[in-house]
Amino acid sequence: MKIATFNINNINSRLENLLAWLAAAKPDVVCLQELKARDMQFPRTALADAGYGAVWKGEPTWNGVAILARGAEPVLTRDALPGDDTDKQSRYIEAAVNGIVIACLYAPNGNPQPGPKFQYKLAWHKRLEAHAEQLLDTGLPVVLAGDYNIVPEPRDIYTTRSYDDNALVQPESRAAFAALIEQGWVDALRKVYPKETLYTFWDYRRNRWQRDAGLRLDHILLSKTLARRLKGAGIDRDVRGQDGASDHAPVWVELK
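The structure presented is a predicted model; accordingly, all values stated were derived computationally and were not measured. (Residues numbered from 1 in each chain as written. Predicted model: local features only at pLDDT ≥ 70, side-chain atom pairs only at ≥ 80, totals over all residues. Heavy atoms only, no water.)

What is the right way to look at the overall build of the protein in this model?
What the protein contains, in helices and strands, is six helices and 12 strands. Taking 2.2 N^0.38 as the reference for a compact globule, 256 residues should give roughly 18 Å; the C-alpha atoms of the protein span a radius of gyration of 17 Å, in line with that estimate. Along the first, second and third principal axes, the C-alpha set of the protein runs to 45 × 45 × 40 Å. In the protein, buried positions account for 56% of the 256 residues. If you take every contact in the protein between residues at least 6 apart in sequence, the share linking residues at least 24 apart comes to 69%. With 33 positive and 32 negative side-chain charges, the protein shows a separation of 3 Å between the mean positions of the two kinds. (Helix = DSSP H or I, 4+ residues; strand = E, 2+ residues; numbered from the N terminus. Rg over C-alpha atoms; globule rule 2.2 N^0.38 Å. Buried < 20%, exposed > 50% of the residue type's maximum accessible area, 1.4 Å probe, protein only. Contact = heavy atoms within 4.5 Å. Lys, Arg positive; Asp, Glu negative; His and termini not counted. Charge placed at Lys NZ, Arg CZ, Asp CG, Glu CD.)

How do you make sense of the UniProt feature "site: Important for catalytic activity" (unreviewed entry) in the protein when you look at a structure like this?
Listed under "site: Important for catalytic activity" (unreviewed entry) in the UniProt record, and renumbered for this structure, are Asp-218. In this fold, Asp-218 is placed in strand β10 (residues 218-222). In this structure Asp-218 touches Asn-7, Gln-33, Gly-146, Asp-147, Leu-189, Thr-200, Phe-201, His-248 and Val-251, once residues within four positions along its chain are discounted. Within the local environment of Asp-218, its side chain forms a polar contact with the side chain of Thr-200, the two groups lying 2.6 Å apart. (UniProt positions renumbered as here; feature names shortened; annotations may be inferred. Polar contact = N/O pair within 3.5 Å; in protein donor to acceptor, adjacent residues only side chain to side chain.)

Where do I start with the pairing of strand β1 (residues 2-7) in this structure?
Along a regular strand, successive side chains alternate from one face of the sheet to the other. Counting buried positions over the six residues of β1 gives six, a clear majority of the element. Of the two faces of β1, the one holding Lys-2, Ala-4 and Phe-6 and the one holding Ile-3, Thr-5 and Asn-7 are both buried throughout. Judged from the five bridges that link them, β1 and strand β2 (residues 29-33) form a sheet pairing that is parallel. In the strand pairing of β2, Asn-7 is matched with Gln-33. (Pairing = 2+ DSSP bridges.)

Can you help me understand the UniProt feature "site: Transition state stabilizer" (unreviewed entry) in the protein in this one?
With numbering matched to this structure, UniProt assigns "site: Transition state stabilizer" (unreviewed entry) to Asn-149. Judged by relative accessible area, which is 4%, Asn-149 ranks as buried.

Is there a simple way to explain the environment of Tyr-193 in this structure?
Counting through the fold element by element, Tyr-193 comes out in the loop between α5 (188-192) and β10. Sequence separation between Tyr-193 and Gly-234 is 41 residues; the distance between their C-alpha atoms is 8.9 Å. Those residues in contact with Tyr-193 that sit more than four places away from it in its chain are Leu-198, Ala-233 and Gly-234.

Would you explain the sheet that holds β10 in this entry?
Picture the strands of a sheet paired through backbone hydrogen bonds; they go either parallel or antiparallel. Here we have six strands laid out as an open sheet, ordered β5-β6-β7-β8-β10-β9, and mixed in their pairing. Only two strands of the sheet have a single neighbouring strand rather than two, namely β5 (75-78) and β9 (186-187). One ladder, built from three bridges, connects β5 with strand β6 (residues 92-97); its direction is antiparallel. From the neighbouring strand, Arg-78 faces β6, where its bridge partner is Glu-94. Where helix α3 (residues 116-137) meets the sheet, its contacts fall on β5, β6, β7 (100-106) and β8 (142-147), and the angle it forms with β6 comes to roughly 20 degrees. Against the sheet, helix α4 (residues 171-183) contacts β9 and β10, and its axis sits at roughly 20 degrees relative to β10. (Axes fitted to C-alpha atoms, helices over the stretch in contact; angles between N-to-C directions.)

What is the right way to look at the packing of aromatic side chains in this model?
Each aromatic ring pair is specified by the distance between its two centres and by the angle formed by the two planes. Applying the stated rule across the entire model yields five aromatic pairs. Arranged with centres 6.3 Å apart and planes meeting at 90 degrees, the rings of Tyr-158 and Tyr-163 form a pair that is edge-to-face. Pairing Trp-202 with Trp-209 gives two aromatic rings, centres 4.9 Å apart and planes at 90 degrees, and the pair type is edge-to-face. You can call Trp-209 partly exposed: its relative accessible area is 24%. (Phe/Tyr/Trp six-rings, centres within 6.5 Å; stacked < 30°, edge-to-face > 60°.)

Have a look at this one:
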């Protein structure tokens with residue numbers, strides 16, 4: 001079973017890129033972020049024609065998340081992160097696919113920091129921690145996949161001082177990611193590639209793709225039940241280099 005996460009950065013503008021990648025990579029489950037589309041604008045028909053069922057939570061202009069399943073219909077279990085009923089941003093969706101709980105997330109960026117956006121980022125992650133612990137307590141096989149908007153370690157970003165004040169690399173942000181690992185989640189990419197330099201995002205500005213000036217922001221965390229089934233993982237970097245590409249590359253895991 002191949003499970004992937006992909007920040008598509010506007011699903012309708014990049015639908016051709018997405019469909020080409022789906023046809024080539026053939027993932028069984030895909031978590032998408034930054035749909036940047038209302039619910040009614042979600043390209044359900046085009047994805048169905050490509051062989052994928054879907055659940056989604058849209059939002060005009062920003063955010064938006066979806067879960068796709070090849071040859072199946074995901075069973076929606078949650079379309080918002082619990083803990084704050086006033087939070088209307090579309091950043092979390094959860095579904096059951098072939099006996100696995102798939103949680104797709106698009107965490108807040110948090111910039112500029114310090115400030116209210118950074119405080120929202122940290123509060124959102126606290127809610128994620130609480131829900132993630134509940135998911136682990138079920139004993140079910142669970143995947144937490146998405147754009148976490150956190151660079152976990154200094155080795156997950158190219159050598160630069162330009163991000164020193166960025167919310168993505170702050171100690172509080174890294175501590176939030178580390179707290180999930182301490183709960184018992186397994187960082188799949190790091191499990192397979194413990195020492196390698198890995199990037200999943202290259203900003204459009206300053207030729208960062210051409211210079212390989214990347215960051216690792218997109219993560220797939222596995223519950224211990226699933227981690228024992230981990231067969232492989234990777235980053236489809238070539239997708240980032242295509243015409244009209246998202247600034248993120250797809251990340252995937254393969255389970256026995």
